[in-house]
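# Observations on chain architecture
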Number of protein chains: 2
Amino acid sequence: MTEYILPLQKLIEEFCRLSGVGQKTATRYAFSVLDMTEEEATSFANAIISAKQNIRECEICGNLSDAPVCAICSDAKRDPSVVCVVEDAKTVMALEKVKEYHGTYHVLGGAISPMDGITPADLRIKELLSRIAEGKIREIIIATNPNIEGETTAMYLSKLITPLGVRVTRLAYGVPVGADLEYADEVTLLRALDGRRDLH
Amino acid sequence: MTEYILPLQKLIEEFCRLSGVGQKTATRYAFSVLDMTEEEATSFANAIISAKQNIRECEICGNLSDAPVCAICSDAKRDPSVVCVVEDAKTVMALEKVKEYHGTYHVLGGAISPMDGITPADLRIKELLSRIAEGKIREIIIATNPNIEGETTAMYLSKLITPLGVRVTRLAYGVPVGADLEYADEVTLLRALDGRRDLH
């Protein structure tokens, strides 16, 4: 006899596929499913299928979308002349929560990482250049992650785009709001010093 | 525009139904689903439906089963004269991991809790008495949880079953193996003292 009956074992294994879920957590989730009504379980299963089938990449920016063009690109109130370049759709969502950015986005689908075999050709850089070639973009804000891969990608894009006459900016580095300076790492502190601003 | 596109929002909400999952974790899981292949997502969804449809209660003991009678009750090597009474199927699994118990089980489906409106009539006690009435059971090991509800249930069952001439036992209380006595609560220590055994 296996440890669990087969349909339960299978469900536990499936939950283990989720990011950061181990055997114990997966077992707890599987029991949550068993505690659901049949309707709730069906609705859960359908949400998985539906998300997978209906969510695609926006034809313009590569952001997650349930239509050919995403809600941001098709929003007339957003400024298409400012494009924020991010690694993935999660960053778009993080920036959208700020509610202060009114430009559009471009999702690269990752960052240049020779270690992982990710070259510029694997990213949506060609698409970005096409957008720039249309001549309506005046600023590219590079918001790749502040790590080696993100930096490499930012440098690469900057060298590629600056000659095209478009302003290229990068998110400011510095100490995160609410953090304790005592625990900030040296590189962050150095960047925060370098980027210091006059108090008015 | 809502914070997330609809199919994603819906999937996040569904993940929030799982025990101990909040908005942030649910969002991480939803993205895990988007990272899956279509086949993997379908397999995940099917596992949910299949678990819900194929897992039922064993007709004899109430344990989770994918057949009318569970693998333990239908195992000829298990001793049907010893029945371990537990609150739920999770406890059956915990005890099965020990691999030293060779009797059978009876799952009550909860514990008596006037606060939550759970009375003896809500538990599978009638079914337990029917099994005892068949005359083949010589010992009932009560393994309800060591809390007020579990204790109440244990006392109730003991008073009900002892007059029937069946031996009724309770799991030993004491300090858990590997624990630090310094942090053990007084009630546990008192029980451990009460239940002390001679060293041979």
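Residues numbered from 1 in each chain as written. Chains lettered and ligands numbered in written order. Predicted model: local features only at pLDDT ≥ 70, side-chain atom pairs only at ≥ 80, totals over all residues. Heavy atoms only, no water.

Our next topic: the domain arrangement of chain A. Entries for chain A in the domain assignment read domain 1 (6-54) and domain 2 (64-198). Each of domain 1 of chain A and domain 2 of chain A was reduced to a C-alpha centroid, and the two centroids are 34 Å apart. (Domains from an automatic or database assignment.)

Superposition of chain B onto chain A requires a rotation of 180° combined with a translation of 0.0 Å along the rotation axis, giving an RMSD of 0.1 Å. In symmetry terms, the pair is related by a two-fold rotation axis. Taking C-alpha positions as the reference, the residue of chain B nearest the rotation axis is A45 of chain B, at 2.2 Å. Counting the interface residues of chain B, we find that 100% of their copies in chain A are interface residues as well, pointing to one common contact surface. (Least-squares fit on C-alpha atoms with pLDDT ≥ 70 in both. Contact = heavy atoms within 4.5 Å.)

All names here are of chain B. One pass over the full model with this rule turns up 14 salt bridges over all chains. Across the pair E14 and K10 runs a salt bridge, and its minimum N-O distance is 2.8 Å. In this pair, E14 and K10 are both assigned in helix α1 (residues 6-16), four residues apart and thus about one turn of the helix distant. Residue class for E14 comes out buried when judged on its relative accessible area of 1%. (Salt bridge = Lys/Arg side-chain N within 4 Å of Asp/Glu carboxyl O. Helix = DSSP H or I, 4+ residues; strand = E, 2+ residues; numbered from the N terminus. Buried < 20%, exposed > 50% of the residue type's maximum accessible area, 1.4 Å probe, protein only.)

Running from N to C, helix α3 (residues 38-54) of chain A and α1 of chain B cross one another at 145°; their axes reach a closest spacing of 9 Å. Crossing handedness for the pair α3 of chain A and α1 of chain B: left-handed. Contacts from E40, S43, F44, A47, I48, S50, A51 and N54 of chain A of α3 of chain A reach α1 of chain B at P7, K10, L11, E14 and F15 of chain B. When grouped by side-chain class, the residues that make up the contact of α3 of chain A with α1 of chain B number seven nonpolar, three polar and three charged. (Axes fitted to C-alpha atoms, helices over the stretch in contact; angles between N-to-C directions. Left-handed = near helix turned anticlockwise from the far one by under 90°. Nonpolar A, V, L, I, M, F, W, Y, C, P; charged D, E, K, R; others polar.)

Residues and elements named next belong to chain A. The strand order across the open sheet built from four strands is β4-β3-β5-β6, with neighbouring strands paired in parallel fashion. Strand pairing shows two members of the sheet lacking a second neighbour, β4 (103-107) and β6 (167-170), which therefore form its edges. Mean inter-strand twist for the sheet, computed between neighbouring axes without regard to direction, equals 25°. Alignment of strand β3 (residues 79-86) against β4, held across five bridges, turns out to be parallel. Across the sheet, V85 pairs through a bridge with H106, a residue of β4. Across the face of the sheet, helix α5 (residues 125-133) comes into contact with β3, β4 and β5 (139-142) while running at roughly 150° to β4. (Pairing = 2+ DSSP bridges.)

Counting residues in hydrophobic clusters, the biggest one holds 50 residues, and the most contacted among them are L8 and F15 of chain A together with L8 and F15 of chain B. Those elements giving two or more residues to this core turn out to be α1 (6-16), α2 (23-35), α3 and α4 (89-98) of chain A together with α1, α2 (23-35), α3 (38-54) and α4 (89-98) of chain B. Look past the residues within four positions of F15 of chain A in its chain and what remains in contact with it is V21, A26, Y29, A30, V33 and F44 of chain A together with F15, L18 and F44 of chain B. (Core = buried A, V, L, I, M, F, W, Y, C linked by side-chain atoms within 4.5 Å.)

Take the pairing of β5 of chain A next. Residues and elements named next belong to chain A. Burial along β5 is two-sided: the face carrying E139 and I141 and the face carrying I140 and I142 are both buried. Examined bridge by bridge, β3 and β5 share four bridges and lie parallel to one another. Across the sheet, the residue bridging to C84 is I141, located in β5. Of the strand pairs in this sheet, β5 and β6 are connected by four bridges, and their pairing is parallel. Bridging across to β6, I141 finds its partner in T169. Running through helix α6 (residues 148-161), the crossover from β5 to the neighbouring parallel element β6 is right-handed. (Right-handed = clockwise from strand over helix to strand, strands pointing away.)

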